[in-house]
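Listed below, chain by chain, are the residues.
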Amino acid sequence: MSKLEKLVEDLSALTVLEASELSKLLEDKWGVSAAAPVAVAAAAAAAPVEAAEEQTEFTVVLTDGGDKKINVIKEVRGVRPDLGLKEAKDLVEGVPQNVVENVSKQQADEVAKKLTEAGAKVTIK
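Residues numbered from 1 in each chain as written. Predicted model: local features only at pLDDT ≥ 70, side-chain atom pairs only at ≥ 80, totals over all residues. Heavy atoms only, no water.

Enquirer: What is the right way to look at the overall build of the chain in this model?
Expert: When helices and strands are tallied, the chain shows 6 helices and 3 strands. Split into buried and exposed, the 125 residues of the chain put 19% on the buried side. Long-range contacts, defined as pairs at least 24 residues apart, comprise 64% of the intrachain contacts of the chain with a sequence gap of at least 6. Accessible surface, the chain as shown: approximately 9,400 Å² in total, 56% of it carbon and sulfur. (Helix = DSSP H or I, 4+ residues; strand = E, 2+ residues; numbered from the N terminus. Buried < 20%, exposed > 50% of the residue type's maximum accessible area, 1.4 Å probe, protein only. Contact = heavy atoms within 4.5 Å. Areas by Shrake-Rupley, 256 points an atom, 1.4 Å probe, with all protein chains shown as cover.)

Enquirer: What's the story with the pairing of strand β1 (residues 58–64) in this structure? I'm lost.
Expert: For a regular strand, the rule is simple: side chains alternate between the two faces of the sheet. In terms of burial, β1 is a largely internal element, 5 of the 7 residues being buried. In terms of strand pairing, β1 meets strand β2 (residues 97–103) through 4 bridges, oriented antiparallel. What sits directly across from V61, in β2, is N98. Looking at chain direction, β1 and strand β3 (residues 121–124) are connected through 4 bridges and run antiparallel. By the bridge assignment, V61 is partnered in β3 with T123. (Pairing = 2+ DSSP bridges.)

Enquirer: Can you walk me through the packing of aromatic side chains in this structure?
Expert: How two aromatic rings sit relative to each other is given by the distance of their centres and the angle of their planes. Scanning the entire structure with this criterion turns up 0 aromatic pairs. Taking the ring centre of F58 as reference, the NZ or CZ of K105 above it sits at 5.2 Å. (Phe/Tyr/Trp six-rings, centres within 6.5 Å; stacked < 30°, edge-to-face > 60°. Lys NZ or Arg CZ within 6 Å of the ring centre and 35° of its normal.)

Enquirer: Help me out: how do you make sense of the confidence of the model for the chain in this one?
Expert: Any segment with low pLDDT has predicted coordinates that should not be analysed in fine detail. On average, residues of the chain score 80 in pLDDT, and 84% of them reach the 70 mark or higher. For the chain, helix α3 (residues 35–46) is the element with the lowest average pLDDT, namely 52, and helix α6 (residues 105–117) is the one with the highest, namely 88. (pLDDT = per-residue confidence, 0-100.)

Written out as structure tokens, the structure is:
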């Protein structure tokens, strides 16, 4: 058994009172305080840990059909071939409306660019 393993075994056998006394003795001997790191660790543990997830799916929202609605309707039909002329017109006139949902960032940018060039105003969520 190595020195470190023996030390871990011995420390594991200490009672809470003995561990507290050991902490005080080490603070006095080494001239350090364990209070600051403990406070920082406690604060870090109390703060909610949220993993910064990168958004992978985007939605292009038509916020304004603009002055050239016919051009926008044509572009909507270009990116949404499943829509007929009436449905595309209703989508453009019923803003705000989702044009495409759950698409990649690149595809969302392409759709937004096409609609913006046609005269519409869009946002990507």
